[in-house]
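Coordinate inspection notes
Chain by chain, the residues run as shown.
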Amino acid sequence: MIRKSQSLYPVVAKTHPGMSGKNNEDRFGVTAFQLNKKNPTPVLLAVLSDGIGGHKAGEVAAEIAVNQITQTAMESKGLQPIQIMQAGIERASHAIHAESQKDTGKQGMGATIAIAWMIGHRLFTASVGDSRIYLIRGDRIRQLSVDHTWIQEALDNNILTPEQVEGHPNRHVIRRYLGGPTPPEIDFRMVLAHGEADQTALNNQGVTLQTGDRLVLTSDGLTDLVSDAEILAAFEVDATNLAVDNLINLANQRGGHDNITIISFEIPDGMQVVANKRSFFPFGCVLTTVIIAAIALLVLGFFWLQKTPINLGFLNRTQEPMQVTLNPMMTSAPQSTATQDNSSGPKLVPTATVQPLSPQTPQTGGYPPPDEMVLTPVTPQANP
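A look at the confidence of the model for the chain
Taken residue by residue, the chain gives an average pLDDT of 79. The fraction at 70 or more is 72%. Residue range residues 274-284 is modelled with pLDDT below 50. Its contacts to residues more than four positions away, or to other chains, number 12 contacts. For the stretch residues 308-361, pLDDT sits under 50, and the model shows 130 contacts to residues farther than four places along the chain or on other chains.

Next comes the structure, spelled out in structure tokens:
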């Protein structure tokens, strides 16, 4: 992929340390690309990480996570996003663990991760931990990612009811994170409808988004204090920049006990990308030429045997070059420059009585076939 200084997707990304007095251990990266020199399809990689554990170490882990994942994507051709995200997360986890072994003050550090990767209109996601990915379409909001927390597993296994979650002592216990001795189980499920089966959620990777769809990535400093409905309402009422500011202010008004980070971008109108079929054409030309030649030889042989004069024409084939129509580019949001602190202590990861979720791995082999987006109860809309 080729890195670009500007993004075609309008992006706002902001972070705030919160009101607890701790320094900011959240990190994020928003990077724009095009696929290659011959294919200018726009690409946007958004990575959000929440550091955990150890004095002055959570922010180190989060920064390693964002940098390693972004670097892995930059070194790739961008044609197999699932495999690339998996390689980047595993690489980041190993790097965090190795760094933690160098300094006793960094032992036990780790990080969550949430990734949204747009290639043209197609979305790919990955997550580990409790940082979230949301999709907003019209007047509906859907959490695409799944929380890897003790609470979520207890809810899934009917150990707790939603009414018992508020104030529960294990509310902030995460079950997966980057930085352990072995890489974490990466969640590639993309939940587009309530009650969706795991395999269906896995197959949603590469779904085609519509003009006006909005992606929101956020750390738990926001979602602990602000509901999904309030996140939706903020973007319905105000422009993106003001909506992000208002959500951060709302979380701080309610205590702001943790760092707050939000990345938001939308699919712009008029971003038309025509699929490049040129790579398939040379093989078709060769095959067609061979067939025509074989037929010509048969015809020549037949008329030669019949001693009859012949006239042969030729088949002329042309192909339209790939065309890409794009909107004027918008500058992507700058990264944060947060400092370090651990005054509120690390999140704990004790052994829970709930069994962890089974490994979730989508089908490999590049782009999966696109699926129609469904946000219950909205009727699916045609892709632009």
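A word on the pairing of strand E4 (residues 26-34)
Most of E4 sits inside the fold, with nine of its nine residues counted as buried. The side-chain alternation of E4 yields two buried faces, one formed by Asp26, Phe28, Val30, Ala32 and Gln34 and the other by Arg27, Gly29, Thr31 and Phe33. The sheet contact formed by strand E1 (residues 2-4) and E4 spans three bridges and is antiparallel. Paired with Arg3 across the two strands is Phe33, which belongs to E4.

A look at the packing of helix H6 (residues 228-237) against helix H7 (residues 240-253)
Packed helices, taken two at a time, are described by the angle their axes make and the gap between the axes. Put simply, H6 and H7 touch, their axes get as near as 8 Å, and they point 145 degrees apart. Note on packing geometry: the crossing formed by H6 with H7 is right-handed. Taken together, the residues of H7 that come into contact with H6 (itself represented by Glu230, Ile231, Ala234 and Phe235) are Thr240, Ala243, Val244, Leu247 and Leu250. When its residues are assigned to classes, the contact of H6 with H7 shows seven nonpolar, one polar and one charged.

Overview of H6
The α-helix advances 3.6 residues per turn, and as a result positions three or four apart in sequence lie on the same side. Those residues of H6 lying buried are Ile231, Leu232, Ala234 and Phe235. The buried residues of H6 occupy an angular sector of 155 degrees when the element is viewed end-on, so they sit on one face. In this structure, H6 carries Ala229 and Val237 as exposed residues pointing more than 90 degrees from its buried face. Considering only its buried residues, H6 is in contact with strand E9 (132-137), strand E10 (140-143), strand E12 (214-218), helix H5 (220-223), H7 and strand E13 (260-266).

Basis of the calculations
- Per chain, the residues get numbers from 1 upward, laid out in the order the sequence is written.
- Selection of residues for local features in this predicted model requires a pLDDT of at least 70, selection of side-chain atom pairs for listing and counting requires 80 or more, and totals for whole chains, interfaces and linings are taken over all residues.
- Water and hydrogen atoms were dropped before computing side-chain values, which therefore reflect all heavy atoms in the structure.
- pLDDT expresses, on a scale from 0 to 100, how confident the predictor is about each individual residue.
- Only heavy atoms matter for contacts: two residues are in contact if any of them lie within 4.5 Å across the pair.
- Residue exposure (1.4 Å probe, protein chains only): buried if accessible area is under 20% of the type maximum, exposed if over 50%, otherwise partly exposed.
- The helix and strand labels rest on DSSP assignments: H or I over at least four residues marks a helix, E over at least two residues marks a strand, and numbering proceeds from the N terminus.
- Whether two strands pair depends on DSSP finding at least two bridges between them.
- To define axes, lines are fitted to C-alpha atoms, for helices over the stretch in contact only, and angles between the resulting N-to-C directions are given on a 0 to 180 degree scale.
- Crossing handedness: left-handed means the near helix sits turned counterclockwise from the far one by under a right angle, and right-handed means the same turn made clockwise.
- Any residue outside Ala, Val, Leu, Ile, Met, Phe, Trp, Tyr, Cys, Pro, Asp, Glu, Lys and Arg is labelled polar, Gly included; the first ten of those are nonpolar and the last four are charged.
- By construction, the arc corresponds to the directions joining the helix axis to the C-beta atoms.

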